[in-house]
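What follows is the residue order along each chain.
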Amino acid sequence: MQSDMQHNFWASTVAERPEPRPRLEANTQADVAIIGAGFTGLWTAYYLKTLAPHLAIVVLEAERIGHGASGRNGGWVVGNLAGLERYVGKLPMKQRRECCQVLADNVDEIGQVLERESIAADFNKGGAIYAAARYPDQIAIQKDYLAHLHALGHDEANCSWLDADQLAEKARFRNGYGGIYHRQVATVNPAKLVAGLAETVERLGVTIHEHSRATTISDHTINTHHGSVEARNIVCATEGYGERFHDFKKHVIPVQSLVIATEPLTDDVWQEIGMAERPAFADASRLINYGHRSAEGRLVFGARGSYAFGGKSKHTLAISPENIRLRRDLLADLFPALEDVRISHGWGGSLGLSRNFRPHGILDRESGIATAGGYAGEGVAAAHLFGRTLADLILERDSRLASMPWAFANASHRHLIKRWEPEPLRWLAAQAVTYSYAGEEALMRRNKPAPLIKPVLMKVNDFFASIIE
């Protein structure tokens, strides 16, 4: 690994970053005020403005657009929802399938909006491979996950099993035993998407103020250090960056995720690796790795990072050489052809995790406050889905999205998403599950069942689940 490391690769692909948008410098009024110029906030503004062009909408961003997860993520657009089983587990199969169809359609609808609005964000619907690619034990793990997807309501046409030969046609892993192919997954350049989306909503008449950090929310008013916005409805779209709002922080905490990008790979290397259709890919690791072939011919690859004591969001881009090396080694383990590849970029950010793994879109009509988040790392697609949902709830539209089990109105968010326990319980639980997953990984690497150790790991995981359920 060479030392000329840069940070966020996505930011380097945006040809010309405009000058900062004006800071909020006065007290003003709007119909809807949105905190956060990431995907959730901008998609909410987009759908509000397209459905109700007369609305005055103001977006406040503490830094620059896309400062949080929206400008730093792995670029997956997933036709699923983290924690979906918690919403559909008790529903009849017909309703489960309807929910899964909404999630599948959501991917295509994002692509359609990008085409309609001429947002060049490298959208590519190549599906996703969830591979058993390193250890034989991963075959059973992935087949169990496929059965889980079908039980949720995803059909065989969208989620199917690939044998070793079929897997090799899509991507050639070191040990390609087989895997799941999820057709309703795309990839995107998130920095291009957030920049194009911001320009689009401004063209529609939405006002965006950068470097305008919201300090308090009260009585239909958002206060900043230099001005305020009074609005009938307020949308808190901070996701993993809401640490300044204590009430939201109690329900959604930040977890760090770290990403690397390789130098552009040669045609010979791509011939050896495959991925001609540029699918997203992951293996069955508990560390939750994810990657894809970018439009520029690089491999972008990440893995879940860690939970910082006290729920601190990550505002700096830089990650440590150790974290870069860990991800590089894991990538080379999947694809031996990358053993000597140069890693050109390494960066990190925070994603939002709700206490019971329930991504949510909530409008409290009494206070006029709406919020969405808790996407657990699948926020590119979910932010679009929940932005549309919040727009429908605010406009009181009797829509399909507003009737989904993850959409709530006329109730306070306090009754719908649980509070996280105080420290040090959260941190101790996170450490316990991290070490248990590392132990499980070590067992699979040794290809040993270890009947006395695996029950212990299950007990540790059960303990963590008791905290987050």
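Note that the structure is predicted; figures quoted are calculated from it, not measured. (Residues numbered from 1 in each chain as written. Predicted model: local features only at pLDDT ≥ 70, side-chain atom pairs only at ≥ 80, totals over all residues. Heavy atoms only, no water.)

### Regarding the packing of helix 4 (residues 93-116) against helix 11 (residues 379-394)
Part 1: Between helix 4 and helix 11, the least distance of the axes is 10 Å, while the angle of their chain directions is 90°. One finds that helix 4 runs roughly perpendicular with respect to helix 11. Here Val102, Leu103, Asn106, Glu109, Ile110 and Val113 of helix 4 lie close against helix 11, whose contacting residues are Val380, Ala381, His384, Leu385 and Arg388.
Part 2: Broken down by class, the residue content of the contact of helix 4 with helix 11 amounts to seven nonpolar, two polar and two charged. (Axes fitted to C-alpha atoms, helices over the stretch in contact; angles between N-to-C directions. Helix = DSSP H or I, 4+ residues; strand = E, 2+ residues; numbered from the N terminus. Parallel < 35°, antiparallel > 145°, perpendicular 65-115°, else oblique. Contact = heavy atoms within 4.5 Å. Nonpolar A, V, L, I, M, F, W, Y, C, P; charged D, E, K, R; others polar.)

### Let's talk about the environment of tryptophan 270
Part 1: By the element assignment, tryptophan 270 lies in helix 9 (residues 267-273).
Part 2: On a C-alpha basis, the gap between tryptophan 270 and glycine 297 in space is 8.4 Å, while along the polypeptide they are 27 residues apart.
Part 3: Once residues lying within four places of it in the same chain are set aside, the contact partners of tryptophan 270 are Arg172, Leu265, Met275, Arg293, Gly297, Arg298 and Leu299.
Part 4: Here the side chain of tryptophan 270 touches glycine 297 through a polar contact of 3.2 Å, landing on its backbone oxygen. (Polar contact = N/O pair within 3.5 Å; in protein donor to acceptor, adjacent residues only side chain to side chain.)

### Points about the confidence of the model for the protein chain
Reading predicted coordinates in detail is not appropriate for stretches of low pLDDT.
Part 1: Overall, the prediction assigns the protein chain a mean pLDDT of 86, with 81% of residues at 70 or greater.
Part 2: For residues 1-5, every residue scores under 50 in pLDDT, and the model assigns this stretch 13 contacts once sequence neighbours within four places are set aside. (pLDDT = per-residue confidence, 0-100.)

### Considering the packing of aromatic side chains
Part 1: Applying the stated criterion across every chain yields a total of 13 aromatic pairs.
Part 2: Aromatic pair tyrosine 130 and tyrosine 145: ring centres 5.8 Å apart, planes at 70°, arrangement edge-to-face. One end of the pair, tyrosine 130, is in strand 4 (residues 128-132); the other, tyrosine 145, is in helix 5 (residues 137-152), with 15 residues separating them in the sequence.
Part 3: A relative accessible area of 12% places tyrosine 130 in the buried class.
Part 4: Look at tyrosine 145 and you get partly exposed, because its relative accessible area is 27%.
Part 5: On the basis of an interplanar angle of 85° and a centroid distance of 5.4 Å, the ring pair of phenylalanine 281 and phenylalanine 335 is categorised as edge-to-face. (Phe/Tyr/Trp six-rings, centres within 6.5 Å; stacked < 30°, edge-to-face > 60°. Buried < 20%, exposed > 50% of the residue type's maximum accessible area, 1.4 Å probe, protein only.)

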